[in-house]
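Here's the letter readout for the chains.
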Amino acid sequence: MNPHFRNLALWAIIGLLVVALVMLFQQPGQRTPIRDISYSELLTQIDQSRVHDVTIAGNEIVGHFNDNRPFTTYAPDDANLVPLAGEEHLDQRQTEQ
């Protein structure tokens, strides 16, 4: 085998590995897409103690399930949500819009 070809092949493999590693670590947030759920599904998940935390910003709710998967939903004006989250001992935050 030609030594120049072998050297070129080795550098090509090293280059491909570097590109693969950069792509792997560049955007880790896209591996776990945020799941868009309905408001009624959120209430069901809270009742079944599958929700770890919620952040309420106006009518938008984002949070994490117990297995750390993120979710988002749109809430109607429901005065029972905050007390329900408190009863279920969720980590909860409210932010101004």
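Residues numbered from 1 in each chain as written. Predicted model: local features only at pLDDT ≥ 70, side-chain atom pairs only at ≥ 80, totals over all residues. Heavy atoms only, no water.

*Asks:* Would you take a moment to explain the pattern of salt bridges for this structure?
*Replies:* Side chains that carry opposite charge are capable of pairing whenever their charged atoms lie near each other. Per the stated rule, a full pass over the model turns up two salt bridges. Residues D67 and R69 are paired through a salt bridge, measuring 2.7 Å at the closest nitrogen-oxygen approach. (Salt bridge = Lys/Arg side-chain N within 4 Å of Asp/Glu carboxyl O.)

*Asks:* Please explain the pairing of strand β3 (residues 60-65) as it appears in this structure.
*Replies:* Strand residues, when the strand is regular, have side chains that alternate between the two faces of the sheet. Alignment of strand β2 (residues 51-57) against β3, held across six bridges, turns out to be antiparallel. Following the sheet pairing, I56 is matched in β3 by I61. In terms of strand pairing, β3 meets strand β4 (residues 70-74) through five bridges, oriented antiparallel. Bridge pairing links I61 to T73 in β4. A loop of four residues connects β3 with β4, the two strands running antiparallel in sequence, and N68 in this loop sits at a positive phi of about 75 degrees. (Pairing = 2+ DSSP bridges. Helix = DSSP H or I, 4+ residues; strand = E, 2+ residues; numbered from the N terminus.)

*Asks:* I keep staring at the confidence of the model for the chain and nothing clicks. Help me out?
*Replies:* Low-pLDDT stretches of the model should not have their predicted coordinates read in fine detail. When the pLDDT values of the chain are averaged, the result is 80; 72% of them are 70 or greater. Here helix α3 (residues 81-87) is the element of the chain with the lowest mean pLDDT, 60, and β4 is the one with the highest, 92. (pLDDT = per-residue confidence, 0-100.)

*Asks:* What should I look at first to understand the pairing of β2 in this one?
*Replies:* Extensive coverage of β2 is indicated by the burial of six of its seven residues. Linking two consecutive strands that pair antiparallel, namely β2 and β3, is a turn of two residues; a positive phi of about 65 degrees is found at G58 within it. (Buried < 20%, exposed > 50% of the residue type's maximum accessible area, 1.4 Å probe, protein only.)

*Asks:* Please explain unusual backbone geometry as it appears in this structure.
*Replies:* One can expect most non-glycine residues to show negative phi and most peptide bonds to be in trans. Within the chain, S49 stands out as a residue other than glycine whose phi angle is a positive 55 degrees. When you line up the elements, S49 lands in the loop between α2 (39-47) and β2. Overall, the relative accessible area of 48% leaves S49 in the partly exposed class. We note that N68 has phi near 75 degrees; this positive angle belongs to a residue other than glycine. Under the relative-accessibility criterion, N68 is labelled exposed at 56%.

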